[in-house]
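# Structural overview for review
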Amino acid sequence: MVDNQQFMMENRERILAVENSFAPGGKPLLAPGRFLVGEGRLLKVCRRKPQPKVFYLFNDILVYGSIVVPGRWNSHQHILRLEELEQENLEDGVGMSNQWVLRTPNKSFRISAASMVEKQAWMDHIERCRVERLRQLNLPHVMKPFAAIWIPDAASAVCMRCTEPFKVTQRRHHCRHCGFVVCNSCSKSRAVLKHISSKPVRVCSVCKASLRQQEVSNGAFRKKVSIEEMPEYEESSEDDQEENHPDTTWINTYQEPEPVYCYFKPIHPKPPEL
């Protein structure tokens, strides 16, 4: 009983430390029954280049953000609910090893760890928490529509629809439905992708035609809205950040039967109490 109370007190301090590290723009993280499982740095593939991000795994959510001051100050907080998350293993690619994919309805992206051991540990811990979360919520293991993974800007020098070269006056854009890098002319259309946003988002001409055909097939005829009436989609600010930080270090997960916050590396410091 005493050990459990001690754990709850320490867990509260850790969650508050994570919460405060995202202040003032982050959302509150302290919640009944929530405990911190592990934390560390992973390399996230963004639209311009891979960037180190700090990740915090809780028993019900996965939180990540940009690193401002290592161990003390983070920004651009993102919260992924584990019951909506799916992982996919990937083979090592050119310039990117120990990688895998995180998919959610709102956002999907590739990440990589510093070693194969860390990658496998992260994947195992996330999957364990995800399965337990589904069990607690009594949710079936069903497939959901997931957001497309954006192809990095550097992957193509030309529009992936019309092959027009990109230049200063021909900017790169991303179709939210397929993730392709496209030019403005090939992505003037907007469509409502309910799993991403309730507002119209940028889609390429090919996906727009496909989506319109699906609507016709499903008998869902909607009032046509002109392009001018539809707002531009805001680029994710995290994808535009240019950062340079040391390699990833992280901690381990909890142990049964009582959650124990233990460190993967003895030299890893405790989260600071801000």
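Residues numbered from 1 in each chain as written. Predicted model: local features only at pLDDT ≥ 70, side-chain atom pairs only at ≥ 80, totals over all residues. Heavy atoms only, no water.

An unreviewed UniProt entry annotates the protein chain as Pleckstrin homology domain-containing family F member 1 originating from Tachysurus vachellii.

So, about the overall build of the protein chain. Scanning the protein chain from N- to C-terminus turns up 3 helices and 11 strands. The proportion of buried residues among the 274 residues of the protein chain is 44%. When contacts within the protein chain are restricted to residue pairs at least 6 apart in sequence, long-range pairs at least 24 apart make up 53% of them. (Helix = DSSP H or I, 4+ residues; strand = E, 2+ residues; numbered from the N terminus. Buried < 20%, exposed > 50% of the residue type's maximum accessible area, 1.4 Å probe, protein only. Contact = heavy atoms within 4.5 Å.)

It is worth spelling out the environment of Ser97 at this point. Position of Ser97 relative to the elements: it lies in the loop between strand S5 (86–89) and strand S6 (99–103). In this structure, the C-alpha to C-alpha distance between Ser97 and Ala114, residues 17 residues apart in sequence, is 8.2 Å. When near neighbours in sequence (up to four residues on either side) are disregarded, Ser97 contacts Asp92, Ser112 and Ala113.

A word on the packing of aromatic side chains. As enumerated under the stated definition, the model contains 5 aromatic pairs in all. Considering the side-chain rings of Phe22 and Tyr56, the 6.2 Å spacing of their centres and the 75° angle between planes classify their relative orientation as edge-to-face. One end of the pair, Phe22, is in the loop between helix H1 (2–21) and strand S1 (36–45); the other, Tyr56, is in strand S2 (residues 50–58), with 34 residues separating them in the sequence. Across this residue pair, the class does not change: Phe22 and Tyr56 are buried. Judged by centre distance (6.4 Å) and plane angle (70°), the ring pair of Phe55 and Trp122 falls under edge-to-face. On the criterion of sequence distance, the pair formed by Phe55 in strand S2 and Trp122 in helix H2 (residues 116–137) is long-range, its members being 67 residues apart. According to the relative accessible area criterion, Phe55 is buried, its value standing at 0%. You can call Trp122 buried: its relative accessible area is 1%. (Phe/Tyr/Trp six-rings, centres within 6.5 Å; stacked < 30°, edge-to-face > 60°.)

It is worth spelling out the pattern of salt bridges at this point. As enumerated under the stated definition, the model contains 8 salt bridges in all. Residue Arg103 pairs with Glu88 through a salt bridge whose shortest N-O separation is 2.4 Å. Of the two residues, Arg103 sits in strand S6 while Glu88 sits in strand S5, which places them 15 residues apart along the sequence. Of the charged contacts in the structure, one is a salt bridge between Glu132 and Arg135, with a shortest N-O distance of 2.5 Å. In this pair, Glu132 and Arg135 are both assigned in helix H2, 3 residues apart and thus about one turn of the helix distant. The class for Glu132 is partly exposed, based on a relative accessible area of 28%. (Salt bridge = Lys/Arg side-chain N within 4 Å of Asp/Glu carboxyl O.)

The subject of this paragraph is the confidence of the model for the protein chain. Scored by pLDDT, the protein chain comes out at a mean of 80, with 78% of its residues at no less than 70. pLDDT under 50 marks residues 221–274. Its contacts with residues more than four places away, or in other chains, come to 138 contacts. (pLDDT = per-residue confidence, 0-100.)

What follows deals with the sheet that holds strand S7 (residues 108–112). Reading across the sheet, the 7 strands line up as S4-S3-S2-S1-S7-S6-S5 and stay open at both edges, with antiparallel pairing between neighbours. Taken across any chain shown, the strands that pair with only one partner, and hence form the sheet edges, are strand S4 (73–81) and S5. On average, adjacent strands in this sheet sit at an angle of 35° to one another, irrespective of strand direction. Of the pairings in the sheet, the one linking S2 to strand S3 (residues 61–69) comprises 5 bridges and is antiparallel in character. In the sheet register, Tyr56 faces S3, and the bridge partner there is Val63. (Pairing = 2+ DSSP bridges. Axes fitted to C-alpha atoms, helices over the stretch in contact; angles between N-to-C directions.)

A separate point is the environment of Phe22. Judged by relative accessible area, Phe22 falls into the buried class, the value being 3%. With 43 residues separating them in the primary sequence, Phe22 and Gly65 have C-alpha atoms 8.2 Å apart. The residues touching Phe22, leaving out its near neighbours within four places in the chain, are Tyr56, Val63, Tyr64, Gly65, Asn74, Ser75 and Gln77.

The next point concerns the environment of Arg130. Here Arg130 lies in helix H2. Through-space distance from the C-alpha of Arg130 to that of Leu62 is 9.9 Å; in sequence the pair is 68 residues apart. Every residue in contact with Arg130, bar those within four places of it in the chain, is listed here: Leu82, Leu85 and His141.

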